Amino acid sequence: MGKIKKDQVLGIIILIVAAFFGYHTLKLAPTNLVGDPGPRMFPLAGCILMAVFAVVVIVHPEKNNGKVYLTKKQWMHAISLFGVYVLYLLLLWLLGFTIANYIALAVFSFMFSYVTNPDSTLAKRILKSVIYAAIVGTALYLLYVIALDAQLPRAMLWD
């Protein structure tokens, strides 16, 4: 059978996390409103997707051929991503969903554009990130506010 790979360990951990949250999601009380999916739907769908992808990663791990993982550069990328998530939470509180979402999407897109296309110029990467943020941010706004009629975080600065 051979040695267990890093991806398989990650898949097992994600499967355990999905099972834990799935179990606790099933404990949520159902809604009394007719046609309302209730508070279980989205978390349970997320847990099911996590479990499916975890099984895929366990069954078909990446073939890494001696590739080094978790280098200093990779740690710095992970820390910067975590910092953007913290900034996003702060912006959600201060500016509300609409503005914070556009900013976070633009920053994430810009960060990932360097990894996917490092030869592109800075101006082109910024332009693509802003366009991506505008399209996806508008789609998310329309989905949550118009289609689902959801209450999203409002700005603390000008409520």
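Look up: the structure comes first, before these words.
Residues numbered from 1 in each chain as written. Predicted model: local features only at pLDDT ≥ 70, side-chain atom pairs only at ≥ 80, totals over all residues. Heavy atoms only, no water.

### Here we look at the overall build of the protein
Turning to step 1, where the next piece is worked out: Counting secondary structure elements, the protein contains 4 helices and 0 strands.
Turning to step 2, where the next piece is worked out: In sequence order, the secondary structure elements of the protein are arranged as α-α-α-α.
Turning to step 3, where the next piece is worked out: Here the protein has a C-alpha radius of gyration of 20 Å; the compact-globule value for 159 residues is 15 Å, and the former is much larger.
Turning to step 4, where the next piece is worked out: Judged by the C-alpha coordinates and their principal axes, the protein covers about 55 × 50 × 25 Å.
Turning to step 5, where the next piece is worked out: Put simply, the protein shows about 12,000 Å² of open surface, and 73% of that area lies on carbon and sulfur atoms.
Turning to step 6, where the next piece is worked out: Between the mean site of the 13 positive side-chain charges and the mean site of the 6 negative ones, the protein shows a separation of 13 Å. (Helix = DSSP H or I, 4+ residues; strand = E, 2+ residues; numbered from the N terminus. Rg over C-alpha atoms; globule rule 2.2 N^0.38 Å. Areas by Shrake-Rupley, 256 points an atom, 1.4 Å probe, with all protein chains shown as cover. Lys, Arg positive; Asp, Glu negative; His and termini not counted. Charge placed at Lys NZ, Arg CZ, Asp CG, Glu CD.)

### Some words on the environment of L152
Turning to step 1, where the next piece is worked out: Relative to the elements of secondary structure, L152 occurs in the segment after α4 (122-147).
Turning to step 2, where the next piece is worked out: Assessed through its relative accessible area of 22%, L152 is described here as partly exposed.
Turning to step 3, where the next piece is worked out: Each C-alpha atom of the pair L152 and I16 lies 30 Å from the other, and the pair is 136 residues apart in sequence. (Buried < 20%, exposed > 50% of the residue type's maximum accessible area, 1.4 Å probe, protein only.)

### As for the packing of helix α1 (residues 6-26) against helix α2 (residues 41-59)
Turning to step 1, where the next piece is worked out: Packing of α1 against α2 brings their axes to within 8 Å, and their N-to-C directions diverge by 160°. Accordingly, the angle class assigned to the pair α1 and α2 is roughly antiparallel. α2 is crossed by α1, and the crossing has left-handed handedness. Contact residues: α1 offers D7, Q8, G11, I12, I14, L15, V17, A18, F21, G22, T25 and L26, while α2 offers P43, L44, C47, M50, A51, A54, V55, V57 and I58.
Turning to step 2, where the next piece is worked out: Of the residues that constitute the contact of α1 with α2, the class distribution is 16 nonpolar, 4 polar and 1 charged. (Axes fitted to C-alpha atoms, helices over the stretch in contact; angles between N-to-C directions. Parallel < 35°, antiparallel > 145°, perpendicular 65-115°, else oblique. Left-handed = near helix turned anticlockwise from the far one by under 90°. Contact = heavy atoms within 4.5 Å. Nonpolar A, V, L, I, M, F, W, Y, C, P; charged D, E, K, R; others polar.)

### Side note on the packing of aromatic side chains
Turning to step 1, where the next piece is worked out: With the rule as written, the count across this model stands at 3 aromatic pairs.
Turning to step 2, where the next piece is worked out: Aromatic side chains F20 and F21 sit 5.2 Å apart centroid to centroid with 80° between the ring planes, which places their arrangement in the edge-to-face category.
Turning to step 3, where the next piece is worked out: For F20, a relative accessible area of 46% puts it in the partly exposed group.
Turning to step 4, where the next piece is worked out: Among the residues examined, F21 registers a relative accessible area of 46% and is labelled partly exposed.
Turning to step 5, where the next piece is worked out: With a centroid separation of 6.3 Å and 80° between ring planes, the pair formed by F97 and Y144 is classed as edge-to-face. You can see F97 sitting in helix α3 (residues 72-116) and its partner Y144 sitting in helix α4, a full 47 residues away along the chain. (Phe/Tyr/Trp six-rings, centres within 6.5 Å; stacked < 30°, edge-to-face > 60°.)

### Details of a nonpolar patch on the surface
Turning to step 1, where the next piece is worked out: Judged by side-chain polarity, V9, L10, I13, I14, V17, F20, F21 and M50 come together as a nonpolar surface patch covering roughly 650 Å² of accessible area.
Turning to step 2, where the next piece is worked out: If you tally residues by element for the nonpolar patch, the top one is α1, at 7 residues.
Turning to step 3, where the next piece is worked out: Within the element layout of this structure, F21 appears in helix α1. (Patch = residues over 30% accessible without salt bridge, like charges linked within 9 Å, V, L, I, M, F, W, Y side chains within 5 Å. Salt bridge = Lys/Arg side-chain N within 4 Å of Asp/Glu carboxyl O.)

### Things to note about unusual backbone geometry
Turning to step 1, where the next piece is worked out: We note that D149 has phi near 50°; this positive angle belongs to a residue other than glycine.
Turning to step 2, where the next piece is worked out: Its place among the elements puts D149 in the segment after α4.

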